[in-house]
Amino acid sequence: MLYLLPLAGIVIVYCYRNLGKNSEGGNNLIMDEIHEPGAGIPTRMGPLVLITTAITHLFGGSAGREGTAVQIGGATTHWLARCFKLNEADTRLILIAGVAAGFGAVFGTPLTGAIFALEVLAIGRLRYDAIIPALFAAILADVVCSAWGAHHTHYRIDFLETITLFEHAVKVDILMVAKIVLAAIAFGLAGYLFGELTHAFKDIFKATLKNPYLIVVVGGLVVIGAVHLIGNYDYIGLGVYSSREGGVSILSAFQEGGAEWYSWLLKLLLTAITLAAGYKGGEVTPLFFVGATLGNTMAWILGAPVDLFAALGFLAVFAAATNTPLACTIMGVELFGADHMLYFAIACYTAYYFSGHTGIYSSQRVAVPKLFDLDGAPTITHKLGELRETHSSLLKNLAKKFSK
């Protein structure tokens, strides 16, 4: 059905332009409503994004599902806020709870969902006034999914180590930490590249093609052409499981030889093109694929355990692209266990720092910048989308040249 992807894209664009109101804003609309209530979140966002994401997956687009779950949670809770006539403060709390419920339930990680909903709103700042509703919403959402038979992918790290220094046991291997830091720099740069490429492709499409129907058709044709050049279907769809024997997937990346050195880049490019062209879905599961396959490659380069580094990449690229290192560290514990928690934290926070002031959510605020001026004071207090306009990156400058 991949050959029908451009037609599926036309249906998606038609639905959003004629039925969606302001649903096109997606996760960014929910963030803006939490920060500055007033624009409103249409209830139709939930079913619309569910249907269009299913269409994207069915016809071979490279996209995830967490964005869909978050938007369903946000749209539903905003409708409930109107039904109960909640004030702005309570509406903000219930919206955060909706985000936590959607994210926590779709991956089976309720604590991660609660922390993510608080951490993703503003870089460098957590506001704990919503932690109780967010936590209980995420737990109950996960219980409901489990009770209805929804299953989640199980991952495992077989690598175990006992480290001694001066004949005494210690918790971390210093050499391993050095390797993790080097790999985490690569993970952070991959997260930066994904965020910048997605925004740059959107800018280039709008500058050159202009018509949204033409954009989605061209984007679909590019994906079809790329699949033909690659010769297999490993890099479209969710990517959790492979469609063929010996194919590349998130699960295969945890095994030696389970990914090619370029696998992460192909998935990154196809996902950026899919989302920039107007197809619907999330970014997180493709980022898991990018991170796990890049971790597989870094393990080969650095002579490190493959399953551990695949897990570190899985978490750290996501942390870099969403600026949520604490949530991703907690996710590591919920998905892989607590044995390597210190390594998870080192990888996630290092990658977060090296991703700079970019990310997949343009409405994310910069509360505490990653870089300070010479006096130690924060220098930036904008949304990430505004920063792209005022502090143009190389890719942004390239997009501007296409618009002239």
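Above: the structure in question.
All values derive from a computational prediction rather than experimental measurement. (Residues numbered from 1 in each chain as written. Predicted model: local features only at pLDDT ≥ 70, side-chain atom pairs only at ≥ 80, totals over all residues. Heavy atoms only, no water.)

**A look at helix α13 (residues 325–336)**
- Between the first and last C-alpha of α13 there are 16 Å, a value that for twelve residues agrees with the 16 Å anticipated at 1.5 Å per step.
- Of all the twelve residues making up α13, nine are buried; the element is thus mostly covered by neighbouring parts of the structure.
- Residues P325, A327, C328, T329, I330, M331, G332, L335 and F336 constitute the buried set of α13.
- Against α5 (88–107), α6 (110–119), α11 (284–302), α12 (306–322) and α14 (341–354) lie the buried residues of α13.
- A positive backbone phi angle near 95° is found at G337, which sits one or two residues after α13. (Helix = DSSP H or I, 4+ residues; strand = E, 2+ residues; numbered from the N terminus. Expected span 1.5 Å × (residues − 1). Buried < 20%, exposed > 50% of the residue type's maximum accessible area, 1.4 Å probe, protein only. Contact = heavy atoms within 4.5 Å.)

**Overview of the layout of surface pockets**
- Its volume calculated, the largest pocket comes out at about 1,100 Å³.
- For the lining of the largest pocket, the per-class residue count stands at twelve nonpolar, 14 polar and 13 charged.
- A domain-level breakdown of the lining of the largest pocket finds at least three residues from each of domain 1 (2–148) and domain 2 (174–366).
- Reported here for the second largest pocket is a volume of approximately 340 Å³.
- For the second largest pocket, the lining is made up of 17 residues, of which T68, A69, I72, G102 and V106 are closest to its centre.
- Counting residues per element, the ones that place at least two in the lining of the second largest pocket are α3 (45–58), α4 (66–83) and α5.
- A per-element tally of the lining of the second largest pocket places α4 first, with six residues.
- Looking at the lining of the second largest pocket residue by residue, the classes come out as eight nonpolar, eight polar and one charged. (1 Å grid on protein atoms, 1.4 Å probe; cavity = no way out; pocket = protein on both sides within 12 Å on 5 of 7 lines; lining within 4 Å. Points joined across faces, edges and corners; volume = space filled by probe spheres on them. Nonpolar A, V, L, I, M, F, W, Y, C, P; charged D, E, K, R; others polar. Domains from an automatic or database assignment.)

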